[in-house]
Amino acid sequence: MKSRVVVVGAGGAGLVAALNAHQNGAEVVLVTKEYPTRSQTCMAQGGINAVLNETDGDSVELHIQNTLKSANALADESAVSYMCQEAPKAVAWLDSIGVPFSRTPNSKIAQRKLGGAYGARACYAQDYTGLKILHTLYDRCLAEGIEILNERYLLELLTEPEQSGKKYIRGVSLLNKRSGEVEILEASSVILATGGYSRVYNTYSTNSLSSTGDGIAAALRAGARVSDMEFVQFHPTALKGSSILISESARGAGGHLLNSKGERFVDELLPRDEVSKAIHDEIAKGENIYLDIRHLGVEFIEKELPQEAKLAKLYENVDPADDLIPIKPAAHYTMGGIEVDSNSSTSIEGLFAAGECANHRVHGANRLGGNSLLEIVVFGKEAGINAAKYAKNATKDEAILEAKELSENEIAEIKRYANEISFYEKQAILGEIFYKNVGIKRDKGALQEALKEVQEMKSSLPKMGVSDKTKEYNTNLIEFLEFKNMLTVAETILLSAISRQESRGAHFRVDFPATDKKFRAHTIVDAEGVVSYEN
Amino acid sequence: MKINIQRESVVTYEVNMEGATLLEVLNEIKRAQDPSLAYSSGCRSGVCGSCAVRVNGREVLACSHNAKDGDLVEPLRNTPILRDLVVDMEKAYSFNAKAKAWQSSLADNIELSEENQQINELQSDCILCASCYSACPVYAVNEEFLGPFSLTRVWRYVSDKRESDPKEKIDVAQTNGVWDCTLCNECTLVCPQGISSKADIEKLRSKSSMFGYMDPSFSNFGGGFNDGSPVF
Ligand SMILES: Cc1cc2nc3c(=O)[nH]c(=O)nc-3n(C[C@H](O)[C@H](O)[C@H](O)COP(=O)(O)OP(=O)(O)OC[C@H]3O[C@@H](n4cnc5c(N)ncnc54)[C@H](O)[C@@H]3O)c2cc1C
Ligand code: SF4
Ligand code: SF4
Ligand code: FES
């Protein structure tokens, strides 16, 4: 299909990519397993970073420096510079399409300070920054008449070998959730924007239920490389039972962290990874940990933290004005992803990636708050432009219908699996093991134990399968496919974490607590599970 | 605790969970009792709009509702049921495009004050959960009604200083739009975000008058008499 760009994933990154590919002359089809407005991007509250004026001492240069510092020498300087320089333009563009950013009394876009930033540079729309950006982008796609296929689940990326040995992209196979039919979409280029993989930690993650790393697993199967998968950022304050995020603003406003004895044990305003580590150590000692915001007063809580109060009541049955909020750290953001170059191009020709599923090497070992929404806008655009360019020059245009049968057979086979073991139970175990062994603190033994467990789960997949054999809207089947993908991703996290024998950013090895110059390189994993390092 | 779920027929499940959200209960049923149960969810925190269902006849978000013994859970109304609690949103969402619920053109260098922005702050809190759409009685008589959430969205853009062509949207909202609403307020009562589409529709009506449109049920005045029947 000449000049057709298929975008898989319709969160912030996918929508921006689709708009830009469209504006650059491609015929765009946007595919999502949900509906665009249900993507995880809607959950972002804090803001999107951009230095809009340099009057308060903040500068683009400082934005770059803060980002590089947080990245622990593992980010690509030119990629970070590019992102930070483009930031004001990115926000101006969002403003020009109608994103209702909060304003200051003198008509400027309001900005707040997030952790690790020199100044107030996160642009926000009340507590709903992600929601309002996502919906406005969606409306823009409707205005441009971009074709959107909802409730289509990506099965495989379809590739063909080239004479040079390199592979090039031919399209995607999808499962239409409603009809249960496999559908083939031919494409000259494909952009993956399928989001992160924190759901590997199951209930120990703040993420949407859909962040299962599908795009990353499909890219690996197709032969692309992934990188820096061991870097998973934990947020210190998620609700204890549900892992729903309690925003950093609670601590920013003066909230305290207490253990069961009612003692404070850490400076609450330290960076995320340090606070998480301190909480982790307390929990290991058998303590329960609480966030205390009672002293902030009913009025403040009602005005500044209404969402948090509502969720604490609903999920923990406590009223933060009178009670302590039980919390724990939870997996929040995944720095690793599909390896891309400065054009957002993967190691497969015509396959591009953007957003949390991609690794543009801007977050390194630790992401700065507010930089993810920025990344999806800046690099979503790059991916869209470059995919459109590639599609225009693509010459291959043969049919690929045989792929349909392959995917159909695979699904039929899954439906024949014995279903002796419940994969839902295994998924819960996977989450437990990951939280315990691959969490905030790791060591060789724990990681190897987890790897063994994951590999065992992988090999016993044929004993799991689905009990629902229906064709139409089979969410049991979709969840099984997601679980399979999570196991693939889990293995790459473990291989990378075992091999990185040092501590850096979000990756803390108890057996190698120091940062080691030797590992100042990106961990690359290929489809065969071979780990290597690159700069 | 017994939870009744409308599937092909009503099925009763027994779960041992106190103080859980309905979404947690559904997850438990799916995990441990019946993997074939179909429903939608995403954020678990009331912002993605996936999990709207009806409980005891009223629209709620499953992730924001405390499940209670004897609850009857049904799918949303006015939209085709795909399976169990999952409905097909294609047509409902298509009204956003029909109503041109977007900003007509890019706005560069438009100065927006705090007041300008606060005018549509609430409307842009919409999570597209379609609770209002399900509660709206107009669909029983007019399937082409643009409906509460898309008209709220139109108001969001029409009221924005960055919109260069508000009249285009007001024009579109005349047919199956602002005048077809009965102002019954059902949409307001169920909105989890505290949005009143009814109020937004009233604002769109007065904006329509500013652009010279009249309530079609009065448009016969002067041309004779009005017998009260709708005029199109
Ligand atoms: C609670 C929370 C708060 C946050 N706050 C902030 C913040 O304040 N600032 C900030 O910068 N960042 C924040 N983040 C991080 C940020 O929100 C995400 O990193 C970002 O939104 C990711 O966007 P994305 O477009 O890459 O992916 P997503 O928004 O996750 O979208 C992924 C898309 O891919 C689709 N998809 C996935 N798998 C498949 C498949 N198999 N087939 C078809 N489609 C598929 C999904 O349906 C979805 O449309 C926060 C994250 C969370 C969880
Ligand atoms: S007020 Fe209007 S839009 Fe709202 S439910 Fe009633 S008829 Fe529908
Ligand atoms: S207006 Fe309210 S009820 Fe209607 S879709 Fe939006 S959030 Fe849901
Ligand atoms: S799961 Fe997102 S609103 Fe309920």
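Residues numbered from 1 in each chain as written. Chains lettered and ligands numbered in written order. Predicted model: local features only at pLDDT ≥ 70, side-chain atom pairs only at ≥ 80, totals over all residues. Heavy atoms only, no water.

### Some thoughts on the environment of Lys68(B)
All names here are of chain B.
Step number 1: Within the element layout of this structure, Lys68 appears in the loop between strand S4 (58–61) and strand S5 (72–74).
Step number 2: Distance in space between the C-alpha atoms of Lys68 and Thr21 is 9.0 Å, their sequence separation being 47 residues.
Step number 3: When residues no more than four places from it in sequence are discounted, the contact partners of Lys68 are Met1, Lys2 and Ile3.
Step number 4: From its side chain, Lys68 meets the backbone oxygen of Asn66 in a polar contact 2.9 Å long. (Helix = DSSP H or I, 4+ residues; strand = E, 2+ residues; numbered from the N terminus. Contact = heavy atoms within 4.5 Å. Polar contact = N/O pair within 3.5 Å; in protein donor to acceptor, adjacent residues only side chain to side chain.)

### Observations regarding the site of ligand 1
Residue and element names in this part refer to chain A.
Step number 1: Taken together, 37 residues are adjacent to ligand 1, and Ser39, Thr41, Glu356, Ser372 and Leu373 come closest.
Step number 2: A distance of 3.5 Å is found between an oxygen atom of ligand 1 and a backbone nitrogen or oxygen belonging to Gly11.
Step number 3: A distance of 2.8 Å is found between an oxygen atom of ligand 1 and a backbone nitrogen or oxygen belonging to Gly46.
Step number 4: Coverage of ligand 1 by the protein chains reaches 98% of its 1,000 Å² of free accessible surface.
Step number 5: Elements with a minimum of two residues in the shell around ligand 1: helix H1 (12–23), strand S7 (152–161), strand S15 (325–334) and helix H10 (371–393). (Near = heavy atom within 4 Å. Areas by Shrake-Rupley, 256 points an atom, 1.4 Å probe, with all protein chains shown as cover.)

### Let's talk about the sheet that holds strand S8 (residues 167–176) of chain A
All names here are of chain A.
Step number 1: The antiparallel open sheet is built from three strands, whose spatial order is S7-S8-S9. The open sheet has two edge strands with one neighbour each: S7 and strand S9 (182–186). Geometrically, the sheet is characterised by an average inter-axis angle of 30 degrees between neighbouring strands, direction not taken into account.
Step number 2: Examined bridge by bridge, S8 and S9 share five bridges and lie antiparallel to one another. (Pairing = 2+ DSSP bridges. Axes fitted to C-alpha atoms, helices over the stretch in contact; angles between N-to-C directions.)

### Overview of the domain arrangement of chain A
Interfaces are often described in size by the accessible area the parts lose on coming together.
All names here are of chain A.
Step number 1: Domain boundaries assigned for chain A yield domain 1 (1–43 + 128–231 + 335–535) and domain 2 (234–330).
Step number 2: Inter-centroid distance (C-alpha atoms) of domain 1 to domain 2 is 31 Å.
Step number 3: Contacts between the two partners involve 15 residues from domain 1 and, on the opposite side, 15 residues from domain 2.
Step number 4: Of all residues in domain 1, Thr206, Ile440 and Lys441 bury the most surface against domain 2, accounting for 42% of the area lost on that side. (Domains from an automatic or database assignment. Buried area = accessible area lost by both parts, 1.4 Å probe.)

### Focus: the packing of aromatic side chains
Step number 1: Tallied over the entire structure, the rule returns 18 aromatic pairs over all chains.
Step number 2: When the centroid spacing of 5.3 Å and the interplanar angle of 85 degrees are considered together, the rings of Tyr201(A) and Phe434(A) count as edge-to-face. Placement of the pair is Tyr201(A) in the loop between strand S10 (189–192) and helix H5 (214–221) and Phe434(A) in helix H12 (residues 423–437), with a sequence separation of 233 residues.
Step number 3: Phe434(A) gets classed as buried once you look at its relative accessible area, which sits at 0%.
Step number 4: Both rings, one in Tyr204(A) and one in Tyr435(A), keep their centres 4.1 Å apart while their planes meet at 15 degrees; by these two values the pair is stacked. Of the two residues, Tyr204(A) sits in the loop between S10 and H5 while Tyr435(A) sits in helix H12, which places them 231 residues apart along the sequence. Each member of the pair, Tyr204(A) together with Tyr435(A), is buried.
Step number 5: Through pairs of rings, three or more aromatic residues link up here, namely Tyr35(A), Tyr93(B), Phe95(B), Tyr133(B), Tyr139(B), Phe145(B) and Phe149(B).
Step number 6: A cation sits over an aromatic face here: Arg367(A) above Tyr333(A), 4.2 Å from the ring centre. (Phe/Tyr/Trp six-rings, centres within 6.5 Å; stacked < 30°, edge-to-face > 60°. Buried < 20%, exposed > 50% of the residue type's maximum accessible area, 1.4 Å probe, protein only. Lys NZ or Arg CZ within 6 Å of the ring centre and 35° of its normal.)

### Points about the interface of chain A and chain B
Step number 1: Counting residues at the interface gives 56 residues for chain A and 58 residues for chain B.
Step number 2: For the pair chain A and chain B, the two sides together bury roughly 4,700 Å², of which 48% comes from carbon and sulfur.
Step number 3: Looking only at chain A, the three residues that lose the most surface to chain B are Arg38(A), Arg103(A) and Leu314(A), adding up to 14% of its buried area.
Step number 4: Across the chain A-chain B interface, the total number found is five salt bridges.
Step number 5: Measuring nitrogen to oxygen at the nearest pair gives 2.8 Å for the salt bridge that ties Arg83(B) to Asp468(A).
Step number 6: Of all the elements in the fold, those that place two or more residues in the side of chain A that touches chain B are helix H3 (77–96), helix H4 (129–143), helix H9 (306–316), H12 and helix H14 (475–499) of chain A.
Step number 7: For the side of chain A that touches chain B, the element with the highest residue contribution is H4(A), accounting for nine residues.
Step number 8: Looking at the side of chain A that touches chain B, its residues break down into 21 nonpolar, 22 polar and 13 charged. (Salt bridge = Lys/Arg side-chain N within 4 Å of Asp/Glu carboxyl O. Nonpolar A, V, L, I, M, F, W, Y, C, P; charged D, E, K, R; others polar.)

### Here we look at the layout of surface pockets
Step number 1: Considering only enclosed or pocket space, the second largest pocket measures out at about 1,100 Å³ in volume.
Step number 2: Taken together, 37 residues make up the lining of the second largest pocket; nearest its centre are Arg199(A), Leu209(A), Glu479(A), Asn27(B) and Ser41(B).
Step number 3: Those elements that provide at least two residues to the lining of the second largest pocket are H12 and H14 of chain A together with helix H1 (22–33) of chain B.
Step number 4: Per element, the largest residue contribution to the lining of the second largest pocket is six residues, and it comes from H1(B). (1 Å grid on protein atoms, 1.4 Å probe; cavity = no way out; pocket = protein on both sides within 12 Å on 5 of 7 lines; lining within 4 Å. Points joined across faces, edges and corners; volume = space filled by probe spheres on them.)

### Here we look at the domain arrangement of chain B
All names here are of chain B.
Step number 1: Here the domain parsing of chain B yields domain 1 (2–87) and domain 2 (89–218).
Step number 2: Centre-to-centre, using C-alpha coordinates, domain 1 lies 29 Å away from domain 2.
Step number 3: Each side of the interface is counted separately: domain 1 has 14 residues, and domain 2 has 15 residues.
Step number 4: Both faces considered, domain 1 and domain 2 share a buried interface measuring about 1,100 Å² in area, 51% of it formed by carbon and sulfur atoms.
Step number 5: Its largest share of buried area at the contact with domain 2, domain 1 owes to Arg58, Glu59 and Asn78, together 43% of the area lost on that side.
Step number 6: On the surface where domain 1 and domain 2 come into contact, there are zero salt bridges.

### Notes on the sheet that holds strand S11 (residues 226–227) of chain A
Residues and elements named next belong to chain A.
Step number 1: The strand order S18-S16-S11-S19-S20 describes an open sheet built from five strands, whose pairing is mixed. Each edge of the open sheet carries a strand with a single partner, namely strand S18 (358–359) and strand S20 (531–534).
Step number 2: Sheet analysis places S11 next to strand S19 (residues 522–525), joined by two bridges and oriented antiparallel. Each bridged residue has a counterpart across the sheet, and for Val226 the counterpart in S19 is Val525.

### Structural notes on the UniProt feature "active site" (unreviewed entry) in chain A
Residues and elements named next belong to chain A.
Step number 1: Mapped onto this structure's residue numbering, the UniProt feature "active site" (unreviewed entry) falls at Arg272.
Step number 2: Excluding anything up to four places from it in sequence, Arg272 contacts Gln233, Phe234, His235, Pro236, Glu248, His332, Arg367 and Gly369.
Step number 3: A polar side-chain atom of Arg272 sits 2.6 Å from a polar atom in the side chain of Glu248. (UniProt positions renumbered as here; feature names shortened; annotations may be inferred.)

### So, helix H13 (residues 444–459) of chain A
Residue and element names in this part refer to chain A.
Step number 1: Taking 1.5 Å as the rise per residue, H13 with 16 residues should run 22 Å; its terminal C-alpha atoms sit 23 Å apart, in good agreement.
Step number 2: Where H13 is concerned, the buried positions are Ala446, Leu447, Ala450, Leu451, Val454 and Met457. Buried residues in H13, looked at end-on, bunch into an arc of 135 degrees, giving them a common side. Those residues of H13 that are exposed and aimed more than 90 degrees away from the buried face are Glu449, Lys452 and Ser459. (Expected span 1.5 Å × (residues − 1). Arc of directions from axis to C-beta.)

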